[in-house]
Amino acid sequence: MPNQEITSATASSEQSAGIIKPYYSPRLCNDDLAPTRHQNWSWYNIFSFWMSDVHSMGGYVVAASFFTLGLTSWQVLLCLLCGICIVQICANLVAKPSQQAGVPYAVICRQAFGVFGANIPAVIRGLIAFAWYGIQTYLAASALMLVLLKFFPSITPLTVPHWLGLSALGWICFGIMWVLQAMVFWHGMSAIKRFIDVAGPAVYVVMLMLAGWILYKTGLSNISFTLSTKTLTVGQQGWEMLTATALVVSYFSGPLLNFGDFSRYGKSMSEIRRGNRWGLPFNFLLFSIVTVVIVSGTQSLFGQMITDPIETVSRVGNSVAVALGLLTMIIATIGINIVANFVSPAFDFSNCSPQKISFRTGGMIAAVGSVLLTPWNLFQSPELIHYTLDVLGAFIGPLFGILLVDYYLIKRGQMDVDALFNATPSGRYWYRNGFNPKAIAALVPAVVIGLLISFTPSLHQVANFSWFIGALLSGGCYRFIARNDRVTSGEMGYLKTEAE
């Protein structure tokens, strides 16, 4: 087991995070990428991870939007349940190889793409997180700005755009958020685990208090679980239900792909499955119900439907309540930003050059790059966001399909962990000069089709299903191309079984 096989080379160093064997290639290994010796995350830690993903400003808006599709409340809840159960099943599938080997997503990709070819999916996932990290930091900074203006209205002149499209106060707030996130990240995965254990539940407290306040102000009779006046035919209802289900999966596709970065620390697969069960179906549905109560209440309370949680909280009369609410929203955004957009590029960029880029360095590359990206300008241009993220997002489904087909159908759940760190032609995952041409051949057409769907106006409605299309195309293509590579039982030694 990863947390038991401590060689003499690493046993003397308590600060070393991974188990590095003498014959592991330095070109593929460092303490952060090597099999971890600390598999101590319980189901609650996994549950908190998903809470941080769900309990965010983005999650709030997404959950509320499903109730504006013109569907009845039971239809929306059914779609949410179906979509989140698909996410749960996929999360369990993605978690298993990383938990068994104790390595992050980027290293697991070496089994399918080759020891060097794994940099392709790693960099793609890292760039997606790179863009979102800046945007989420900007959103948190905007919430902090509201808090400061609430208590110090005299600083309003500082909100005038000053440099690179951002005001002086905007730069100050962005800098504070940037530093706070970096401080949590800099202290490593143990600090991140402690942070998300608190951040997720804290948001629930604020959300429930906000829902209670709205119910007190409006009364239960003014709360509706259908936020749209549209009337749909039976066929339109069926299509909207399929679309809503697909959008749930798409929303979680980013953190779902690199869930192995966190499942590697799980005590066992049973703990991870339990955490996924409570953190996804139960948590997401409860959060969605609380969200629609709040959004529905704003219609009768303020005369307009408000889907932005920051604006809703800012309209609460009590200044202290507003400050506490906004600060909690800030904590929630920091939580999702760290788990979804900081940890991922940290491992992904480290995988490109393990001896030069550590986990911390990889994360700081993303942090510094997020400033150079000027995310406030990106956020003000929805069309640019659409094109940038759609191009990168077209890779997520295909990468997911290849990863699972390779592990479960081609390798049949077997893994040679030592070979993941073998940079010689004799290595099992060397393939052709460190790249697996078959995986790349399956990836390219699936991505091209995904891009065509995203940028063809007549296929706009189909674009919501691009994750499923990409995953099925790449997975099916790879299964066919690599059909002769399917291992036989007992061909490779298995790292460990779940019972161990």
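The coordinates are above.
Residues numbered from 1 in each chain as written. Predicted model: local features only at pLDDT ≥ 70, side-chain atom pairs only at ≥ 80, totals over all residues. Heavy atoms only, no water.

Trainee: Can you tell me about the nonpolar core, naming the residues and giving the values?
Mentor: One finds I192, F252, F259 and F400 to be the most contacted residues of the largest nonpolar core, which totals 137 residues. The dominant element in this core, judged by the number of residues it contributes, is helix α13 (residues 319–352), at 15 residues. Non-local contacts of I192, meaning those with residues more than four positions away in its chain, are made with V184, F185, I338, V339 and V343. (Core = buried A, V, L, I, M, F, W, Y, C linked by side-chain atoms within 4.5 Å. Buried < 20%, exposed > 50% of the residue type's maximum accessible area, 1.4 Å probe, protein only. Helix = DSSP H or I, 4+ residues; strand = E, 2+ residues; numbered from the N terminus. Contact = heavy atoms within 4.5 Å.)

Trainee: If you had to explain the pattern of salt bridges to someone new, which residues and values would you point to?
Mentor: As enumerated under the stated definition, the model contains three salt bridges in all. We note a salt bridge from K411 to D406, for which the minimum N-O separation is 2.6 Å. Exposure class is identical for K411 and D406. Each is buried. (Salt bridge = Lys/Arg side-chain N within 4 Å of Asp/Glu carboxyl O.)

Trainee: Account for α13, with residues named and values stated.
Mentor: Here α13 contains 34 residues, and its C-alpha end-to-end distance of 48 Å stays within 8% of the 50 Å for a straight helix at 1.5 Å per residue. At I338, α13 is deflected by roughly 40 degrees, the largest bend along its length. Counting buried positions along α13 yields 27 of 34 residues, so the element is predominantly enclosed. (Expected span 1.5 Å × (residues − 1). Bend = angle between axes of the 7 residues up to and from the residue.)

Trainee: Residue-level account of the packing of helix α4 (residues 73–101) against helix α17 (residues 396–410), with values.
Mentor: At a closest axis distance of 11 Å, the pairing of α4 and α17 adopts a crossing angle of 60 degrees. One element, α4, and the other, α17, form an angle in the oblique class. Here the hand of the crossing between α4 and α17 comes out left-handed. Facing α4, whose interface residues are C90, N92, L93, V94, K96, P97 and Q100, α17 presents F400, L404, Y407 and Y408. Split into classes, the residues belonging to the contact of α4 with α17 amount to eight nonpolar, two polar and one charged. (Axes fitted to C-alpha atoms, helices over the stretch in contact; angles between N-to-C directions. Parallel < 35°, antiparallel > 145°, perpendicular 65-115°, else oblique. Left-handed = near helix turned anticlockwise from the far one by under 90°. Nonpolar A, V, L, I, M, F, W, Y, C, P; charged D, E, K, R; others polar.)

Trainee: Which residues make up the environment of P309, and what values do they have?
Mentor: Tracing the chain through its elements places P309 in helix α12 (residues 309–314). Taking the C-alpha atoms as reference points, P309 and T291, separated by 18 residues in sequence, lie 9.1 Å from one another.

Trainee: I'd like to hear about the packing of aromatic side chains, residue by residue, with values.
Mentor: Tallying each qualifying case throughout the model produces 24 aromatic pairs. Taking the centre distance of 6.1 Å and the plane angle of 35 degrees together, the rings of W43 and F47 count as tilted. Of this pair, W43 and F47 both sit in helix α2 (residues 43–54), four residues apart, roughly one helical turn. Ring geometry for F185 and F342: centres 4.1 Å apart, planes at 5 degrees, overall stacked. (Phe/Tyr/Trp six-rings, centres within 6.5 Å; stacked < 30°, edge-to-face > 60°.)

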